[in-house]
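Residues per chain are reported as follows:
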Amino acid sequence: MRIQKDLIRSEDPAKDRILKAAFKLFYSKGYPNTGINEILEEAGAFKKSLYIHFPSKKDLGKAYLLEQEEAILGFVKRIAKREKKYSDFIKSWMKMLRRGLKNTYVYGCPYANLSNQTHDEPEISDFVKVALNRWVQDFENCLKEITWNSKKAKTESELKEISESILFYYQGALQLYGMSGDFKHIHRLEKALLSLDK
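The structure presented is a predicted model; accordingly, all values stated were derived computationally and were not measured.

**Thoughts on the UniProt feature "DNA-binding region" (unreviewed entry) in the chain**
Part 1 of the argument: This chain's UniProt record puts "DNA-binding region" (unreviewed entry) on residues 35-54.
Part 2 of the argument: In the segment residues 35-54, helix accounts for 75% and strand for 0%; the C-alpha atoms at its two ends are 14 Å apart.

This is the structure we're talking about:
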């Protein structure tokens, strides 16, 4: 079952509190270590409110993934619209990423964290596989509007390869940062991403 974007947008205060509580707990404690009752207690909500909007914890997990995807990719798209040169785009993205890691994402990438914790749940794993293709496509779309330092236009296959490399480097660096808290992984990420412009 594909989760719809309207499942994370709401006029229902109880639903919003449930989502906020689930997102906070999934990130800080981990998806497998967070129970439904704990989410309800944190949200100050009743089970009926939860099950009206989310028939299962998996649906909450997918809502969390969708929200994180929109936040991360939306952020990248906004920077790409502002910075038209590839090196400026990467430098601005990394500057904002460092700020986010210091203030919000102290445990690394929230998307990757939950994805790695749910390998034994096929419904969520399938959801993630589809999402990864969207990530690559969104990076490709951003890169089509970019001016390259090399001045050479990129072919479709080159853009796809660069997009896949960006995802590869980004997730690897964020996982290592989440494990160690060491910003050297983010510095290496920036260096690796800048080297893709050749």
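**A short note on the nonpolar core**
Part 1 of the argument: One finds Leu-60, Tyr-86, Phe-89 and Trp-93 to be the most contacted residues of the largest nonpolar core, which totals 60 residues.
Part 2 of the argument: Secondary-structure elements contributing two or more residues to this core are α1 (13-29), α2 (36-43), α4 (57-82), α5 (86-103), α6 (110-116), α7 (122-144), α8 (156-180) and α9 (184-194).
Part 3 of the argument: Tallying contributions element by element places α4 first for this core, with 10 residues.
Part 4 of the argument: Composition of this core by domain shows at least three residues from each of domain 1 (1-55) and domain 2 (58-195).
Part 5 of the argument: Ignoring any residue separated from it by four or fewer positions in sequence, one finds Phe-89 in contact with Val-76, Ile-79, Ala-80, Glu-83, Leu-143 and Ile-146.

**What to know about the side chain of Asp-138**
Part 1 of the argument: By the secondary structure assignment, Asp-138 is in helix α7.
Part 2 of the argument: Residue Asp-138 is classed as buried on the basis of its relative accessible area of 18%.
Part 3 of the argument: Residues within four places of Asp-138 in sequence aside, it is in contact with Leu-73 and Lys-77.

**Focus: α7**
Side chains that are three or four residues apart share a direction in an α-helix, a result of its 3.6 residues per turn.
Part 1 of the argument: With 23 residues, α7 should cover 33 Å at 1.5 Å per step; its first-to-last C-alpha distance of 34 Å lies within 8% of that length.
Part 2 of the argument: Looking at the packing, one finds that the buried side of α7 touches α4, α5, α6 and α8.

Parameters and conventions
- Residues numbered from 1 in each chain as written.
- Predicted model: local features only at pLDDT ≥ 70, side-chain atom pairs only at ≥ 80, totals over all residues.
- Heavy atoms only, no water.
- UniProt positions renumbered as here; feature names shortened; annotations may be inferred.
- Helix = DSSP H or I, 4+ residues; strand = E, 2+ residues; numbered from the N terminus.
- Core = buried A, V, L, I, M, F, W, Y, C linked by side-chain atoms within 4.5 Å.
- Buried < 20%, exposed > 50% of the residue type's maximum accessible area, 1.4 Å probe, protein only.
- Domains from an automatic or database assignment.
- Contact = heavy atoms within 4.5 Å.
- Expected span 1.5 Å × (residues − 1).

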